[in-house]
Amino acid sequence: MRVIIKPDYDTVSKWVANYVVYRINKFKPTKDKPFVLGLPTGSTPLGMYKELIKMYNERKVSFENVVTFNMDEYVGLKPTDKQSYRYFMEETFFKHINIKPQNIHMLDGMTKDYEKECKNYEKDIKEVGGIHLFIGGIGADGHIAFNEPFSSLSSRTRVKTLTESTIKANSRFFDNDISKVPTTALTVGVATILDAKEVIIIATGENKATALKHGIEGSINHMWTISALQMHQHGIIVCDKPATKELSADTVEYFLDIEKNNF
Ligand code: GLP
């Protein structure tokens, strides 16, 4: 696993956006050979999306031949609902770039048949040849996508019940009203994420420090689903200084040293 430590949120966002652009451009995607990107929601990736839009406007990247799969969606929210992840993605990213609507994949939280929806999502990922780069955030309890503590590390796309702590954390997007937060979500599984050729997890702020400590220094454990990244051949955690607060000084020093000349 690589751990890239940057001083603050802005440098983290810039690093990730630059890396995404580098990967897309190196791949030279075409209509028949698109670049496949896995995408997150939440407040953490906002800076990355802003940077990607900037780079798109500067003609440093095109999303014409990029296919996307988002990680998750709340059950019961319409795409027009301001708290739905579909709405978030349209407003934050998709409407600002040249991605083709047919290349955007998001789980449908309004589906009548969760099982079929989730199965089809896995099938769609497979059909396009798998995800090249999956980008994710992390919950304070170490969850990736909506793979809450004790999720199977070999889980696939499915419906998940959200924990009280996640509902509480996400209530800030729902007028701080816990009762408005959906209690279930559709989410890719841990194994769906690990299947990607490369995975980047972004973690910023002190409230992610405990999760990072378990993810990087702890053993692989379903209590902290982020720790499954240790099994990936090309897993990268990009974090800011505050998020490293609970790592040992030796760990921080090791990664700062080993990554000092890398992209
Ligand atoms: C939600 C999402 C996760 C995200 C997490 C952290 O639970 N399902 O994908 O990583 O929130 O969100 P934030 O970046 O706002 O801290």
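Residues numbered from 1 in each chain as written. Predicted model: local features only at pLDDT ≥ 70, side-chain atom pairs only at ≥ 80, totals over all residues. Heavy atoms only, no water.

Draft legend 1. Fine view of the nonpolar core. Ranked by size, the top nonpolar core spans 43 residues in total, and within it Val16, Leu52, Phe63, Phe93, Phe94, Ile135 and Ile200 carry the most contacts. Within the residue set of this core, elements represented by two or more residues are α1 (9-27), β2 (35-39), α2 (46-57), α3 (85-92), β6 (133-136), β9 (198-203) and β10 (235-240). The biggest single contributor to this core is α1, with eight residues. Residue contacts for phenylalanine 94: discarding those within four places in its chain leaves Leu39, Thr68, Asn70, Met89, Ile99, Ile104 and Met106. The next biggest cluster of nonpolar side chains, apart from the first, holds 35 residues, and it includes Val67, Leu107, Ile125 and Leu247. (Core = buried A, V, L, I, M, F, W, Y, C linked by side-chain atoms within 4.5 Å. Buried < 20%, exposed > 50% of the residue type's maximum accessible area, 1.4 Å probe, protein only. Helix = DSSP H or I, 4+ residues; strand = E, 2+ residues; numbered from the N terminus. Contact = heavy atoms within 4.5 Å.)

Draft legend 2. Highlighting the packing of aromatic side chains. What the rule picks out here adds up to 16 aromatic pairs. Both rings, one in tyrosine 19 and one in tyrosine 22, keep their centres 5.9 Å apart while their planes meet at 55°; by these two values the pair is tilted. One end of the pair, tyrosine 19, and the other, tyrosine 22, are both in helix α1, three residues apart, so they sit about a helical turn from each other. By relative accessible area, tyrosine 22 is classed as partly exposed at 37%. Centroid distance tyrosine 74 to tyrosine 85: 4.8 Å. Interplanar angle 45°. Geometry classified as tilted. Taken together, the positions of tyrosine 74 in strand β4 (residues 72-74) and tyrosine 85 in helix α3 put the pair 11 residues apart, joining distant regions of the chain. As far as burial versus exposure is concerned, tyrosine 74 and tyrosine 85 are alike and both buried. Taken together, the ring pairs connect Tyr49, Tyr56, Phe63, Phe93 and Phe94 into an aromatic cluster. (Phe/Tyr/Trp six-rings, centres within 6.5 Å; stacked < 30°, edge-to-face > 60°.)

Draft legend 3. A look at the packing of α2 against α3. For the pair α2 and α3, the least separation of the axes is 10 Å and the interaxial angle reads 40°. Facing α2, whose interface residues are Leu46, Tyr49 and Ile53, α3 presents Phe88, Met89 and Thr92. (Axes fitted to C-alpha atoms, helices over the stretch in contact; angles between N-to-C directions.)

Draft legend 4. How the structure looks around the site of the ligand. Near the ligand there are 13 residues, and of these Ser43, Thr44, His143, Arg172 and Lys208 occur at the shortest range. A distance of 2.7 Å is found between an oxygen atom of the ligand and a side-chain nitrogen or oxygen belonging to arginine 172. Here an oxygen atom of the ligand sits 2.7 Å away from a polar atom, N or O, in the side chain of lysine 208. When the ligand sits alone it has 390 Å² of accessible area, and the protein chains cover 95% of it. Among the residues forming the shell around the ligand, the class breakdown is four nonpolar, six polar and three charged. (Near = heavy atom within 4 Å. Polar contact = N/O pair within 3.5 Å; in protein donor to acceptor, adjacent residues only side chain to side chain. Areas by Shrake-Rupley, 256 points an atom, 1.4 Å probe, with all protein chains shown as cover. Nonpolar A, V, L, I, M, F, W, Y, C, P; charged D, E, K, R; others polar.)

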